[in-house]
Amino acid sequence: CKGPGVCRSGREDMALRCAASLAAGRQPRCPRLPRPAREGTVRWSSAAKASAVKINEKASREKILTLESMNPQVKAVEYAVRGPIVLKAGEIEKELRKGIKKPFTEVIKANIGDAHAMGQRPITFLRQVVALCTYPNLLDSPSFPEDAKKRARRILQGCGGNSLGSYSASQGINCIREDVASYIERRDGGVPADPDNIYLTTGASDGIATILKILVSGGGKSRTGVMIPIPQYPLYSAAISELDAIQVNYYLDEENCWALDVNELRRSLNEAKAYCNPKVLCIINPGNPTGQVQNRKCIEDVIHFAWEEKLFLLADEVYQDNVYSEGCQFHSFKKILYEMGPEYYNNVELASFHSTSKGYMGECGYRGGYMEVINLHPEIKGQLVKLLSVRLCPPVSGQAAMDIVVNPPIPGEESYSQFIKEKESVLNNLAKKAKLTEDMFNKVPGIHCNPLQGAMYAFPRIFIPSKAIEEAKSHKMAPDMFYCMKLLEETGICVVPGSGFGQREGSYHFRMTILPPVEKLKIVLEKVKDFHIKFLEKYA
């Protein structure tokens, strides 16, 4: 070895690595040297050392992309569901694997609605059809039912080369869009649905972000304002930040089971007109993180408000199968809009979203979803398809999974009895867990939880003493973030602070999924109760 400037390997990467080691005061470990020389001391001339420092300086030039030079809109994005507390949970998991002792043996990630990660079993029929589409040789296997094979063949016939591995049309596979339209018509009691208004998406999130992207325009006071509920699902605030649009908050009524009040919508809109151009109204029904289910009268009022104020409606309906409370029923915005008459139905612009990730399916990883967009200007429709074509197409396996959600087994088919048994088992279990969670939280002093009418989360209000609030400030944390960090560090339970979803000033919450199996959920709730009581005793 003659030094880093004349590495006999002839490879620049080896020379740079050698130089970097020397400049840092470390023994270079060159794979070209024989083992005895590598284990001994390599002596360098002063010229070789100077050459090493020079090469190292050249290698560590200033980075092009830094926090100062990056896109400021991306830097402004926050997504609490996978934020700092989840990173901390990951660190604790690593420590547990290394054998570091904690007051608990596992981290329970109750921060996200990932059903299968929490132990929910997949729906057999959905997995059968996707398996057949993925490996068509199985179509000859007697192990698969004929109704699953029939659906798989139909999907494959819609794919280029009869393969799930081919690109689809940007709007999605045509026969699947037809099935989505048929599903919407059945769900809404015969209200017509046009497959041409259906766009298959990479989960509902992709559809929401795409529609927002095409809606946002203007500058200064003309910049698009997007009205979102508070508390909200952080996808909305993140997408708004990324697009440099204006977030316009309207508050749900916690004292009235998180109801949506049109008077609050009007207050929010009128105030926003002073600094932006509000033209989008987002509704999450059933609610995330709040779990409320909007009644028919509320939806009618919202539609009338949107029609009156010329607002584009976004209806996030991914939890439409998750309704638990007696007296509550899911009503789609599309159906109510149609039933309000042609003056509304022919004019109000509405995008509705659904997904494979929630409901009874819980197939988050497939990233399947759709949006139905009605009353879109014909020229804008072309622009939307153009925008979608940039990302080529949504995952075709996710499209296949979405097809089974909208085209499940029907009475008389051989898979129907097993399918309906599995579906009802999941939904009945969720209903029991929703009631269990509500009841147990409301027995804890300093915690209040509204009825979990739908979706798959609790969003309890927690009392945080002033002493704890002061300590949180000293750590530069929001009080509920401080609370949730303490909960994680002392119990291993990971939940998301309410400040990540938005809440009225002076109120504190956290969001927790109800997805763990019943016995584990009971343990989680007991641990939260014990922690909260100790927390109050410590900081009272």
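Residues numbered from 1 in each chain as written. Predicted model: local features only at pLDDT ≥ 70, side-chain atom pairs only at ≥ 80, totals over all residues. Heavy atoms only, no water.

Per an unreviewed UniProt entry, the chain carries the name alanine transaminase and comes from Eudyptes sclateri. You can read under Pathway (unreviewed entry) in the UniProt record for the chain the words "Amino-acid degradation; L-alanine degradation via transaminase pathway; pyruvate from L-alanine: step 1/1." Turning to the chain, the UniProt record has this under Sequence similarities (unreviewed entry): "Belongs to the class-I pyridoxal-phosphate-dependent aminotransferase family. Alanine aminotransferase subfamily." (UniProt positions renumbered as here; feature names shortened; annotations may be inferred.)

Remarks on the packing of helix α18 (residues 466-474) against helix α20 (residues 518-539)
Helices that pack against each other are described as a pair by the angle of their axes relative to one another and the distance between those axes. Relative to each other, α18 and α20 sit at 85°, their axes nearing to 8 Å. Classified by the interaxial angle, the pair formed by α18 and α20 is roughly perpendicular. Contacts from Lys467, Ala468 and Glu471 of α18 reach α20 at Phe535, Lys538 and Tyr539. Considered class by class, the residues forming the contact of α18 with α20 number 3 nonpolar, no polar and 3 charged. (Axes fitted to C-alpha atoms, helices over the stretch in contact; angles between N-to-C directions. Helix = DSSP H or I, 4+ residues; strand = E, 2+ residues; numbered from the N terminus. Parallel < 35°, antiparallel > 145°, perpendicular 65-115°, else oblique. Contact = heavy atoms within 4.5 Å. Nonpolar A, V, L, I, M, F, W, Y, C, P; charged D, E, K, R; others polar.)

Notes on the pattern of salt bridges
One pass over the full model with this rule turns up 27 salt bridges. Its salt-bridge partner being Lys334, residue Glu372 comes within 2.7 Å of it at the nearest N-O pair. Of the two residues, Glu372 sits in strand β8 (residues 368-374) while Lys334 sits in helix α13 (residues 333-339), which places them 38 residues apart along the sequence. Between Lys522 and Glu519 there is a salt bridge whose closest N-O contact spans 3.7 Å. Of the two residues, Lys522 and Glu519 both sit in helix α20, 3 residues apart, roughly one turn of that helix. Several salt bridges converge on common partners, so that one network encompasses Arg266, Lys273, Glu308 and Glu309. (Salt bridge = Lys/Arg side-chain N within 4 Å of Asp/Glu carboxyl O.)

What about helix α7 (residues 146-157)?
Under the 1.5 Å per step criterion, the end-to-end length of α7 is 16 Å for 12 residues, consistent within 8% with the ideal 16 Å. Looking at α7, one finds that the buried residues are Asp147, Ala148, Lys149, Arg151, Ala152, Ile155 and Leu156. Looking at the buried residues of α7, the elements they touch are α6 (124-134), α8 (174-187), α16 (396-406) and α17 (416-441). (Expected span 1.5 Å × (residues − 1). Buried < 20%, exposed > 50% of the residue type's maximum accessible area, 1.4 Å probe, protein only.)

A closer look at the packing of aromatic side chains
The full count for this structure, using the stated rule, is 14 aromatic pairs. With 5.8 Å between their ring centres and 75° between their planes, Phe441 and Phe510 make a pair best called edge-to-face. Taken together, the residues Phe441 in helix α17 and Phe510 in strand β14 (residues 510-513) connect sequence positions 69 residues apart. Using a relative accessible area of 0% as the deciding quantity, one classes Phe510 as buried. Cluster of aromatic residues (ring-pair linked, three or more members): Phe441, Phe482, Tyr483, Phe510, Phe531, Phe535 and Tyr539. The ring centre of Tyr457 lies 3.8 Å from the NZ or CZ of Arg511, which sits over that ring. (Phe/Tyr/Trp six-rings, centres within 6.5 Å; stacked < 30°, edge-to-face > 60°. Lys NZ or Arg CZ within 6 Å of the ring centre and 35° of its normal.)

Quick word on the nonpolar core
In a soluble, globular protein the nonpolar side chains are often hidden away together inside. Core analysis: the biggest nonpolar cluster contains 119 residues, and Ile155, Ile211, Leu314, Tyr370, Phe441, Phe510 and Met512 have the highest contact counts within it. Those residues in contact with Ile211 that lie beyond four places of it in its chain are Phe312, Leu314, Ala351, Phe353, Met371, Val373 and Leu384. Of all hydrophobic cores here, the second largest spans 34 residues; its members include Tyr250, Val262, Phe305 and Leu337. (Core = buried A, V, L, I, M, F, W, Y, C linked by side-chain atoms within 4.5 Å.)

Some points on the confidence of the model for the chain
Detailed reading of the predicted model is not advised wherever pLDDT is low. Mean pLDDT over the chain: 89, with 88% of residues reaching 70 or higher. In this model residues 34-40 is a low-confidence stretch, pLDDT under 50, and it forms 8 contacts with partners more than four residues away in sequence or in other chains. (pLDDT = per-residue confidence, 0-100.)

Focus on the environment of Asn442
Mapped onto the elements, Asn442 comes out in the loop between α17 and β9 (447-448). Counting along the chain gives 19 residues from Asn442 to Arg461, while the straight-line C-alpha distance between them is 10.0 Å. Non-local contacts of Asn442, meaning those with residues more than four positions away in its chain, are made with Ile447, His448 and Cys449.

What to know about the side chain of Asp179
Inspection of the secondary structure puts Asp179 in helix α8. Apart from residues no more than four positions distant in its own chain, Asp179 is found in contact with Arg154, Asp403, Val406 and Asn407.

As for the sheet that holds strand β13 (residues 496-497)
The strand order β10-β14-β13 describes an open sheet built from 3 strands, whose pairing is antiparallel. The sheet is open, and its two borders are formed by β10 (457-458) and β13, each paired with just one other strand. Judged from the 2 bridges that link them, β10 and β14 form a sheet pairing that is antiparallel. Bridge assignment links Ala458 to a residue of β14, and that residue is Met512. (Pairing = 2+ DSSP bridges.)

Section: empty space enclosed by the protein
With the rule as written, the count across this model stands at 4 cavities of 30 Å³ or more. Space inside the second largest cavity adds up to approximately 50 Å³. Lining the second largest cavity, in full, are Pro229, Pro231, Tyr250, Leu252, Leu260, Ile283, Ile284, Gly287, Asn288, Thr290, Gln292 and Gln294. (1 Å grid on protein atoms, 1.4 Å probe; cavity = no way out; pocket = protein on both sides within 12 Å on 5 of 7 lines; lining within 4 Å. Points joined across faces, edges and corners; volume = space filled by probe spheres on them.)

Examining the sheet that holds β8
Pairing is mixed across the open sheet formed by 7 strands, whose spatial order is β2-β8-β7-β6-β5-β3-β4. Unpaired on one side and paired on the other, β2 (198-202) and β4 (246-251) mark the two borders of the sheet. Between one strand axis and the next, the sheet turns through 25° on average, direction left out of account. Here strand β6 (residues 312-316) pairs with strand β7 (residues 350-355) via 4 bridges, running parallel.

Notes on the pairing of β7
Among the 6 residues of β7, 6 are classified as buried, and the element is accordingly described as predominantly covered. Side-chain alternation along β7 places Leu350, Ser352 and His354 on one buried face and Ala351, Phe353 and Ser355 on a second face that is also buried. In terms of strand pairing, β7 meets β8 through 6 bridges, oriented antiparallel. By the bridge assignment for β8, Phe353 is matched with Met371.

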